[in-house]
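A look at the structure
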Amino acid sequence: MKVGILGGGQLAQMLAQAGDSLDMDFAFVAPEKDACAAPFGQHFMYPYLDPKAEQKLADWSDVVTYEFESIPVPLVQALEQKVSVHPSSEALILASDRLNEKTMFNQEGIETAKFATVDSLDDLVAAVKQVGLPAILKTRRDGYDGKGQVVLRDESELAVAWESLSPVACILESMVNFEREVSIVASRNVSGDIAFYPLAENYHREGILRLSLSLQNDPKQQEAEGIIRKVMEKVEYVGTMAVELFDLGDKFAANELSPRVHNSGHWSMDGAEASQFKNHLLAIAGMPLGDTSIKNATAMINLIGDIPDKGIVEQIPGAVLYDYGKEPRAGRKVGHINLVANGDNDKNFLDNACKLLELVGQGELIDSVNKSSFYK
Ligand code: AMP
């Protein structure tokens with residue numbers, strides 16, 4: 001089967017690697033010359049809005065998917081007229097705008113932070129009255145890894161904050177005082193079957209995901225499954241999706257949904273029977289889904305900026321390093337490490353995770369690991 005992907009980054013790369021065992025070929029539309037997925041298939045190097053991008057991909061592909069939600073919606077809608085596209089443009093419209101996303105969550109009875117739309121400084125002043133402080137001003141579209149976000153603690157900061165993001169449409173969200181951040185990743189296929197991955201507990205710094213711990217038998221697994229099921233069924237979603245959740249203790253508040261494979265699901269490449277990438281491909285190809293159960297507890301550590309010495313990493317038992325082949329750059333995700341526990345009684349697992357965090361310059365997370373749900 002020929003799978004066309006909009007985007008040529010690491011998510012597209014890992015999809016193509018997962019497709020190897022499924023007898024699938026890949027093509028990527030990506031304007032960047034050095035797209036890291038390009039060595040794994042054909043590279044159609046066009047801007048997304050160039051009509052040739054649409055034409056080439058539609059002609060080549062049996063099915064089209066995408067690896068990020070900033071893809072222009074009109075391109076996905078045009079492709080849908082010519083070829084099978086999963087997830088649909090309806091899912092993309094929901095997920096690519098924080099206002100649509102939060103409105104949908106609330107309509108489905110899913111709690112979120114309080115929010116208000118902001119299109120001017122006057123709106124921001126009114127929104128602060130409605131939502132309260134502290135709060136976060138976020139661009140509605142195109143924000144990722146903490147970009148396009150400003151934390152507001154005092155009314156004196158409003159004008160500077162608006163100036164830094166305007167003139168784009170924004171949303172103001174109340175600052176949520178959460179106990180932990182988790183995400184639920186699931187895949188839904190064309191027949192409507194859903195396979196849920198175990199929850200991942202996530203740790204961010206500066207808005208960037210640093211560490212995910214896969215959680216076996218988390219007491220809130222079913223509640224999280226109920227949330228993602230509602231969203232998937234609402235839009236008859238096909239593919240892998242993630243919903244990021246703030247755990248408030250007595251309930252969840254949804255933060256955002258990703259209509260694609262997700263960084264907090266990378267642990268599944270080594271920790272689950274079928275990875276999120278494989279299940280995305282099976283789902284969009286109209287095939288039965290693979291087994292999402294955990295083989296062994298897994299920690300995923302993002303490599304931000306540069307790649308550590310592979311020899312040193314792999315001296316730690318259970319550690320597997322993924323290098324996306326991207327140019328090192330401050331703040332850029334260039335790879336990740338999956339650390340897989342050796343069975344259920346691996347007493348060294350969390351110590352090894354801490355050693356790796358130290359090695360990759362994320363030592364400040366060690367305290368969080370020691371307090372994580374792993375110990376409960
Ligand atoms: P986002 O880009 O919305 O996923 O935000 C990135 C990270 O910023 C989240 O994973 C949280 O750690 C933090 N964050 C975002 N929105 C809020 C919020 N309303 N309250 C508290 N923390 C937030």
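Notes on the structure in this doc start here.

1. Description of helix H10 (residues 276-284)
- For H10, the tally of buried residues reaches eight of nine residues, placing the bulk of the element in the interior.
- Those residues of H10 lying buried are Gln276, Phe277, Asn279, His280, Leu281, Leu282, Ala283 and Ile284.
- Immediately beyond the C-terminal end of H10, within one or two residues, lies Gly286, with a positive phi of roughly 75°.

2. Notes on the packing of aromatic side chains
- Across all of its chains, the model carries three aromatic pairs by this definition.
- Lying across the ring of Phe252, Lys220 places its NZ or CZ 5.5 Å from the centre.

3. So, the side chain of Asn202
- Inspection of the secondary structure assignment puts Asn202 in strand E12 (residues 200-205).
- Apart from residues no more than four positions distant in its own chain, Asn202 is found in contact with Glu181, Val182, Ser183, Leu209, Leu211, Ser212 and Ser264.

4. So, the packing of helix H6 (residues 121-131) against helix H7 (residues 158-165)
- Where H6 meets H7, the closest approach of the two axes is 10 Å, and the angle between their N-to-C directions is 125°. The pairing of H6 with H7 is recorded here as oblique in orientation. Between H6 and H7 the crossing geometry is right-handed. Where H6 approaches H7, its residues Leu121, Leu124, Val125 and Val128 are matched on the opposing element by Leu158, Ala159 and Trp162.
- Considered class by class, the residues forming the contact of H6 with H7 number seven nonpolar, no polar and no charged.

5. A word on the site of the ligand
- The local shell around the ligand holds 15 residues, among which Lys138, Gln149, Ser174, Val176 and Glu181 are the closest.
- Contact between the ligand and Glu181: an oxygen atom at 2.5 Å from a side-chain N or O atom of the residue.
- Taking 470 Å² as the accessible area of the ligand by itself, protein coverage stands at 91%.
- Put simply, the parts of the chain that give the shell around the ligand at least two residues each are strand E7 (135-139), strand E9 (170-174), strand E14 (239-247) and strand E15 (252-258).
- A breakdown of the residues in the shell around the ligand according to their chemical character gives five nonpolar, four polar and six charged.

Conventions we followed
Residues numbered from 1 in each chain as written. Predicted model: local features only at pLDDT ≥ 70, side-chain atom pairs only at ≥ 80, totals over all residues. Heavy atoms only, no water. Buried < 20%, exposed > 50% of the residue type's maximum accessible area, 1.4 Å probe, protein only. Helix = DSSP H or I, 4+ residues; strand = E, 2+ residues; numbered from the N terminus. Phe/Tyr/Trp six-rings, centres within 6.5 Å; stacked < 30°, edge-to-face > 60°. Lys NZ or Arg CZ within 6 Å of the ring centre and 35° of its normal. Contact = heavy atoms within 4.5 Å. Axes fitted to C-alpha atoms, helices over the stretch in contact; angles between N-to-C directions. Parallel < 35°, antiparallel > 145°, perpendicular 65-115°, else oblique. Left-handed = near helix turned anticlockwise from the far one by under 90°. Nonpolar A, V, L, I, M, F, W, Y, C, P; charged D, E, K, R; others polar. Near = heavy atom within 4 Å. Polar contact = N/O pair within 3.5 Å; in protein donor to acceptor, adjacent residues only side chain to side chain. Areas by Shrake-Rupley, 256 points an atom, 1.4 Å probe, with all protein chains shown as cover.

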